[in-house]
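One-letter residues, chain by chain:
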Protein chains: 2
Amino acid sequence: MTRMDRTSRRRRGAGRPTIADVARLAGVSPITASRALREPQKVSEELRGNVAAAVEALGYVPDPNARALASSRTDVIGVIVPSLTNNVFADVLRGMYDALEGQAYQIQLGNSRYQPAEEERLLTTFARQKPSALIVSGIDQTETARAILQDADCPVVQIMETGPDPIDMMVGFSHRDAGAAVVRHLIASGYRRIGFIGARMDPRSQRRLQGYHDAMDEAGLGDPSIIITTPAPSSVTLGRHLFRDLATRSAGLDAVFCNNDDLALGALFECQNMALPVPGRVGIAGFNDLEMMAAATPSLSSVRTYRYDMGLLSMRMALGAIQEEPIEERIVDLGFELAMRDSTAGPAT
Amino acid sequence: MTRMDRTSRRRRGAGRPTIADVARLAGVSPITASRALREPQKVSEELRGNVAAAVEALGYVPDPNARALASSRTDVIGVIVPSLTNNVFADVLRGMYDALEGQAYQIQLGNSRYQPAEEERLLTTFARQKPSALIVSGIDQTETARAILQDADCPVVQIMETGPDPIDMMVGFSHRDAGAAVVRHLIASGYRRIGFIGARMDPRSQRRLQGYHDAMDEAGLGDPSIIITTPAPSSVTLGRHLFRDLATRSAGLDAVFCNNDDLALGALFECQNMALPVPGRVGIAGFNDLEMMAAATPSLSSVRTYRYDMGLLSMRMALGAIQEEPIEERIVDLGFELAMRDSTAGPAT
DNA sequence: TTGTAGGCGTTATCAT
DNA sequence: ATGATAACGCCTACAA
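Cut-offs and rules
Residues numbered from 1 in each chain as written. Chains lettered and ligands numbered in written order. Predicted model: local features only at pLDDT ≥ 70, side-chain atom pairs only at ≥ 80, totals over all residues. Heavy atoms only, no water. UniProt positions renumbered as here; feature names shortened; annotations may be inferred. Helix = DSSP H or I, 4+ residues; strand = E, 2+ residues; numbered from the N terminus. Pairing = 2+ DSSP bridges. Axes fitted to C-alpha atoms, helices over the stretch in contact; angles between N-to-C directions. Contact = heavy atoms within 4.5 Å. Domains from an automatic or database assignment. Buried area = accessible area lost by both parts, 1.4 Å probe. Salt bridge = Lys/Arg side-chain N within 4 Å of Asp/Glu carboxyl O. Polar contact = N/O pair within 3.5 Å; in protein donor to acceptor, adjacent residues only side chain to side chain. Parallel < 35°, antiparallel > 145°, perpendicular 65-115°, else oblique. Left-handed = near helix turned anticlockwise from the far one by under 90°. Nonpolar A, V, L, I, M, F, W, Y, C, P; charged D, E, K, R; others polar. Near = heavy atom within 4 Å.

> Hey, could you run me through the UniProt feature "domain: HTH lacI-type" (unreviewed entry) in chain A in this one?
UniProt annotation of "domain: HTH lacI-type" (unreviewed entry) refers to residues 17-71 of chain A when read in the numbering used here. When the span residues 17-71 of chain A is considered, its composition is 71% helix and 0% strand, and the gap between its end C-alpha atoms is 20 Å.

Structural data, given as structure tokens:
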């Protein structure tokens, strides 16, 4: 019988039904079955029904690996973030996953640990898999990384920041403008000796510091001695230490702009510890506006950034590009919002 | 010339060198080249060198999709966590990524959002890809989920918790014991009316509450009226609200055990707001011991859990099983540690 | 709209 | 230790 070859064919496969089985049962050719699944509108209603029934009967599920090999495309969307131990990126990822609801795409997540070389390595690995899209954090990719992204032949979105010449698409905001806006608010509230506390000092932190300089200089308040930064990773404890160092050496300090919210919380705790009234003796502002900021006593000022939306939108842009929808804007600036609370109500008079 | 078919073969592929190209250049058959890369010890030193040279010369990199199809195995390790907006899992993931250093495996991350049905859906998708291993959070998988995991034909690790009958392997600790230990400490410190504040109330939270009951009942202090829980997701703000509700309705309350650190921080802020001295008037303990706890003013007590280690070890166990190393322990209990600080120093006398 | 032919790049099988 | 052969399961290109 010609059925014998069917047996011998079984040598390797564990026996899961293939699209050929579906086709046979539906009485069509494999390619028609394939089309019925991927491009239903290109198949007559009748055959489509037959195929659907066969799929149902056999419990057929397509093999993503075979599909990937044949079409040189996977359903993987590579995402590279610089940190996982950071609520900021957790929110971004949440937005991305939400955008993927009901979509047949998988996120492949890479953690570059704020190291450009690691980002290159990850991109190399990711690109090899022929992903449907790639999303990277920041705009400071190395030349090599940019080249990989350009050659990847898929939509690319840079997130968290905006800047000139996107690789492909971009969604973020200006950290420099945001930094300047906070500091201008502090100045408007009456603070004068406004220090800067910064940890990690990755490119985006650097640009927030730039914004700080912009605002301080334009007000004639610039003074390098009230800036304290470290490449060490941020933490609440670090915020305490840095604040204490700065407050100790700069007697007149009356406010601090912290690089992020963890540092700001640390500064608050240290003020409580040193019995420095906030906001009367010291004003405190953070960055990102994590949930805890509004709940602190006193409530802590911060800069609200649209992390979830950046994640959501970046993924939507990627999906749109994958489906070859026309791209409306290559660079989307989501802006920011000052969330000024009790901790910057102004110095005691 | 026979070279013509080489040209026509170029129709589809973008032209990246394949293993056939390597083999040709090295003067060996494709399968030998393949072996030289995957199982070097099975190929003579000479040919191995030739192949290596050819790989180098051509800049050959294997196609993971083709490899997956041919071997019905990917280098993907599926990981499902219930939340991303949660430092707890960020630490776990960090451990996992660290364990993968220098390994040729990719993490495919899924977020079940604390929904068993979503976990099932993700597992279905993941299993389809024939992953090298699967790691899931908790021990409360549905029957369907367990079946999928069992049929996946790859190592499976359940993390965050220990319990009877693992699907395959397990690494975690007893939330119930940990909960009981904290409360016993509070009692030993002199607190009597110890409330429980719980958010989300996922299975692990439930078991912490169980531990609370264990300790309270054994001391004859049990009182359902000083327990407040909600299925709502945890937050600092929620901690404030829940504490205020509980403190308002339970006059004698002198301490709270919070389900997690965010709630504990919220409780602290609310105490500051209500001018209730901590720890003299109210003792506060959290769970997880996030970094901020030690930095708070006063420093906040918590239960130290080995999140990073759970991530690291679970991945190492998975890798070991993939490489078919003998499994020493199927269930690893990493335990916990009380981190008792100022916030539970005892009631004022 | 449907089908035929063949290839995608690699590895398992079996023989030498 | 090495190689010839045949999958792996699906999809692109082209034809009908």
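> Looking at this structure, I do not really get the sheet that holds strand β8 (residues 255-258) of chain A. What am I missing?
Two modes of strand pairing occur in sheets, parallel and antiparallel, and in both the strands are linked by backbone hydrogen bonds. Residues and elements named next belong to chain A. A sheet is described by the order of its strands in space; here four strands give the open sequence β7-β6-β8-β9, paired in parallel fashion. Edge positions in the open sheet fall to β7 (227-229) and β9 (283-285), since each of these has one partner strand only. Across the sheet, the mean angle from the axis of one strand to that of its neighbour is 15 degrees, orientation sign disregarded. Along the sheet, helix α9 (residues 175-188) makes contact with β6 (194-198), β8 and β9, crossing β8 at roughly 165 degrees. Along the sheet face, helix α10 (residues 203-218) touches β6, β7 and β8 and points at about 175 degrees away from the line of β6.

> For this particular structure, what's the right way to read the domain arrangement of chain A?
Often, the extent of an interface is quoted as the loss of accessible area on bringing the components together. Looking at the assigned domains, one finds that chain A contains domain 1 (3-58), domain 2 (74-173 + 307-335) and domain 3 (175-305). One C-alpha centre belongs to domain 1 of chain A, the other to domain 3 of chain A; they are set 63 Å apart.

> Would you mind going over the interface of chain B and chain A with me for this structure?
Taken together, the 48 residues of chain B in the interface contact 48 residues of chain A. Both sides of the chain B and chain A interface together cover about 4200 Å² of buried area, and 50% of this is carbon and sulfur. When the buried surface of chain B facing chain A is broken down by residue, Asn65(B), Tyr97(B) and Arg128(B) rank first, second and third, together holding 14% of it. For the interface between chain B and chain A, the tally reads six salt bridges. Salt-bridge contacts for Arg113(A) lead to Glu101(B); the nearest nitrogen and oxygen are separated by 3.4 Å. For the interface between chain B and chain A, the tally reads 21 residue pairs in polar contact (both at pLDDT 80 or more).

> Looking at this model, I keep getting lost on the packing of helix α7 (residues 116-128) of chain A against helix α8 (residues 143-151) of chain A. Mind explaining?
Residue and element names in this part refer to chain A. The contact between α7 and α8 brings their axes to 9 Å, and the two run at 15 degrees. By the criterion of interaxial angle, the relationship of α7 to α8 is roughly parallel. Here the hand of the crossing between α7 and α8 comes out left-handed. Across the interface between the two elements, Glu 120, Leu 123, Thr 124 and Ala 127 of α7 pack against Thr 144, Ala 145, Ile 148 and Leu 149 of α8. Of the residues contributing to the contact of α7 with α8, the split by class is five nonpolar, two polar and one charged.

> Would you take a moment to explain the protein's contact with DNA strand C for this structure?
Among the 28 residues in the neighbourhood of DNA strand C, the closest are listed as Thr32(A), Ser44(A), Ile19(B), Ser34(B) and Tyr60(B). Restricting attention to atoms of DNA strand C within 4 Å of the protein, one finds that 69% of them are sugar or phosphate atoms. Contact between DNA strand C and Ser34(B): a phosphate oxygen at 2.3 Å from a side-chain N or O atom of the residue. Arg67(B) places a side-chain nitrogen or oxygen 2.8 Å from a phosphate oxygen of DNA strand C. Secondary structure elements with two or more residues in the surface near DNA strand C: α3 (30-38) and α5 (64-71) of chain A together with α3 (30-38) and α5 (64-71) of chain B. For the surface near DNA strand C, the leading source of residues is α5(B), giving four residues. Of the residues assigned to the surface near DNA strand C, the class counts are 12 nonpolar, seven polar and nine charged.

> Sorry if this is basic, but what is going on with the packing of helix α9 (residues 175-188) of chain B against helix α10 (residues 203-218) of chain B here?
The angle between the axes and the distance between the axes are what describe a pair of packed helices. Residues and elements named next belong to chain B. It is the contact of α9 with α10, at a shortest axis distance of 7 Å, that shows an interaxial angle of 40 degrees. Relative to α10, α9 is oriented oblique. When the axes of α9 and α10 are compared, the crossing they make is right-handed. Across the interface between the two elements, His 175, Arg 176, Gly 179, Ala 180, Val 183, Arg 184 and Ile 187 of α9 pack against Arg 204, Arg 207, Arg 208, Gln 210, Gly 211, Tyr 212, Asp 214, Ala 215, Met 216 and Glu 218 of α10.

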